[in-house]
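# Per-entry structural report
Okay, here's what each chain looks like letter by letter:
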Amino acid sequence: MLPMGHRGLVSPDRPMHLAARRLSLLLCALLLPGCGKLEALLGLDEDPPPPPPRPAAAAEADPSAEPVSAPPEPLVRASQKLRFPGKSGEHMGFDLDKLSKVYALAGAVERPEWSSPGEGSERLVRDDDLHTAWSCRPSSESGCALGIHFPVPAEVEAIRLYALPPGDGPARARPKRIRVHTTQGWAEARLADEDRLWHVLLGEPVQTRNLSVEIMETHGEGPVQLAELEVYGRTGTPRDPLAITLAHTVVAFDPPVWRKKLRTHSAGRAFLERVDADGRLQRLLPGTALVGRTGDRLLLIEQATWSTCDDHQGAYSLLDTHTRVLVPLGDMGGFGGRVFRHTEGLGFGIGRVEGDDAKVEAIVLDEGVYERRTTGRLDQRAPAQMLADWDIEGAPLATDPSGTLASPPPGCEPASATSLAGLRPHLPKRTSLDATQWTACSLGDDHQLLISTGGPCGKQWQVVVLGSEGALLGRRSGKEAGTHVRLRRLDESSMLIELWGADDRPRLLLAELGLVDVGTITGLSLRPPIACRTRCDTSFEDLGPGS
């Protein structure tokens, strides 16, 4: 605002043009005939330029609006080494306080100009599917690199990456030495030639606007197929939570599922996968079972390693779906214990509770920090009270949300005579229909799923889907002694059927408007080796809480 006494003078936002015109009008009043010439000399015979726009009034900040970010800076190949070297590992360490403070960062993926070109979309490393990958072959002139632009500067601590392992197809390499570039400098780390998720930790948190990962050396020849690149930090824009529906989560196995040596059965590679409505799989993370409830922030990943039938060994990890952090837990005092869920989905207790005797180890998220808790000999509290004080439910989680033919899920019951009559035209003529060996499940709209294994020790299984008026919509059959069935209902019109027989090669079917094979060797979770069953008419013993 102008000070008092300056009103009527030329303000800074009005052109000098107006002041000159006022002088012209005064002179014209005295010299009428020469008025036009005078304006021409003063340059006032043209229309004046429009006044500059006034600044818009500042709008009130919208708390829900996304932060406005500056244009992305180029992905620079850093020339300066960071003060501390990087290091690689299977996880980000056991420091629960540190793990509580980091989270996955949002960002846009781009291939730097100085990288080898590669094939496929760079976005495949951020699609939450370990089946899909960006492929690149390092050359002697340039390595393979991908970068991430953060919406706002972030304090980065670690990255997680996964490269597809060599398979039966064309040659494929895996990263051996990688370099992490930031705007502050670079750090290197070496990775072993193993099929696993790899974490690379920076020596100290680095404030940066972007980050690039460059593959400098590889194990083996051929292109590297990078399936995941996750970046973790303490500050910056967080990535969206990981959405998981447990009923749609299954386990895919690389053969063999079990490998026996002497009395020990070693578990093969297994991955948690999400099955969609068409039976397609999306690979999430390594694991042999996923435990919890849909909607819980924290889920428990079971990773079995070996079994002697009398003893099962493995480890657990905690998956924080909000931060996408994997918290390593070890065996929690003994793999295969009962699992007790936190009342609000913020942790688990694992162990045993027998009357007044309890041995439980727990991991919970309390006021934003992961905390371990364990029972002690000197604790005078009753086990039920102790679990309640930890906000842990007193009843253990069900070993699996699935049902069996003996105890089927809702909507399933022994097949009726009407169901069997509609089934008969679609089976071989000499097939014997024993009503006690068939189970019928409703699929809505008068559709029906019918299943039989030919009895507890039967040698042939049958799965049939019938539509209204008995129309055949799908049929599968096979000969496998000792086949056991598990059934998991997805909704009122679809179910998953697991068939696990003596060959330890589970088969999974999706039943809806027909039958779809889900994957190649896929089950609802890992089951104990067939050798652990001394009789075919006995059910599987649980391998662990997710089995």
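As a reminder, the structure under discussion sits directly above these lines.
Rules of the game
Residues numbered from 1 in each chain as written. Predicted model: local features only at pLDDT ≥ 70, side-chain atom pairs only at ≥ 80, totals over all residues. Heavy atoms only, no water. Phe/Tyr/Trp six-rings, centres within 6.5 Å; stacked < 30°, edge-to-face > 60°. Helix = DSSP H or I, 4+ residues; strand = E, 2+ residues; numbered from the N terminus. Buried < 20%, exposed > 50% of the residue type's maximum accessible area, 1.4 Å probe, protein only. Lys NZ or Arg CZ within 6 Å of the ring centre and 35° of its normal. Disulfide = S-S within 2.5 Å. Pairing = 2+ DSSP bridges. Axes fitted to C-alpha atoms, helices over the stretch in contact; angles between N-to-C directions. Polar contact = N/O pair within 3.5 Å; in protein donor to acceptor, adjacent residues only side chain to side chain. Contact = heavy atoms within 4.5 Å.

Let's shift gears to the packing of aromatic side chains. Applying the stated criterion across every chain, the model contains three aromatic pairs. On the numbers, 6.4 Å between centres and 70° between planes, the contact of Y162 with F271 is edge-to-face. Of this pair, Y162 sits in strand β5 (residues 144-163) while F271 sits in strand β13 (residues 270-275); the two residues are 109 residues apart in sequence, bridging distant segments of the chain. Across this residue pair, the class does not change: Y162 and F271 are buried. Centroid distance F253 to W500: 5.9 Å. Interplanar angle 75°. Geometry classified as edge-to-face. With F253 in strand β10 (residues 249-253) and W500 in strand β30 (residues 494-500), this pair connects stretches of sequence that are 247 residues apart. In this structure, R196 is placed above the aromatic ring of W198, and the distance from its NZ or CZ to the ring centre is 5.8 Å. One Lys or Arg, R283, reaches over the ring of F271 and ends 4.0 Å from the middle of that ring.

Right, let's talk about the environment of G220 for a bit. Tracing the backbone shows G220 in the loop between β8 (198-219) and β9 (224-235). A C-alpha to C-alpha distance of 4.9 Å links G220 and A173, two positions 47 residues apart in sequence.

Every disulfide links exactly two cysteines, by a covalent bond between their sulfur atoms. Throughout the structure, instances matching the rule amount to three disulfides. The partner cysteine of C136 in its disulfide is C144, sulfur to sulfur 2.1 Å. In this structure, the disulfide formed by C136 and C144 twists by about -85° around the S-S bond and is classed as left-handed. In this model C412 forms its disulfide with C441; the gap between the sulfur atoms is 2.0 Å.

Once that is clear, we can look at the sheet that holds strand β24 (residues 412-414). Strand order in the open sheet formed by five strands is β24-β25-β26-β27-β28, with antiparallel pairing between adjacent strands. Every interior strand has two partners, whereas the edge strands, β24 and β28 (472-478), have only one. Adjacent strand axes in the sheet meet at a mean angle of 15° when their direction is disregarded. As paired strands, strand β25 (residues 439-442) and strand β26 (residues 448-452) are joined by four bridges and run antiparallel to one another. Paired with C441 across the bridge in β26 is L449.

What follows concerns unusual backbone geometry. Look at the link from P255 to P256: it is a cis peptide, with omega at -5°. Among the secondary structure elements, P256 is positioned in the loop between β10 and β11 (258-261). If you check the backbone angles, E367 has positive phi at about 55° while not being a glycine.

It is worth spelling out the side chain of S494 at this point. By secondary structure assignment, the location of S494 is in strand β30. Of the polar contacts made by the side chain of S494, one reaches the side chain of D491; its length is 2.8 Å. If we ignore the near neighbours within four places in the chain, the residues touching S494 are L443, R489, L510, A511 and E512.

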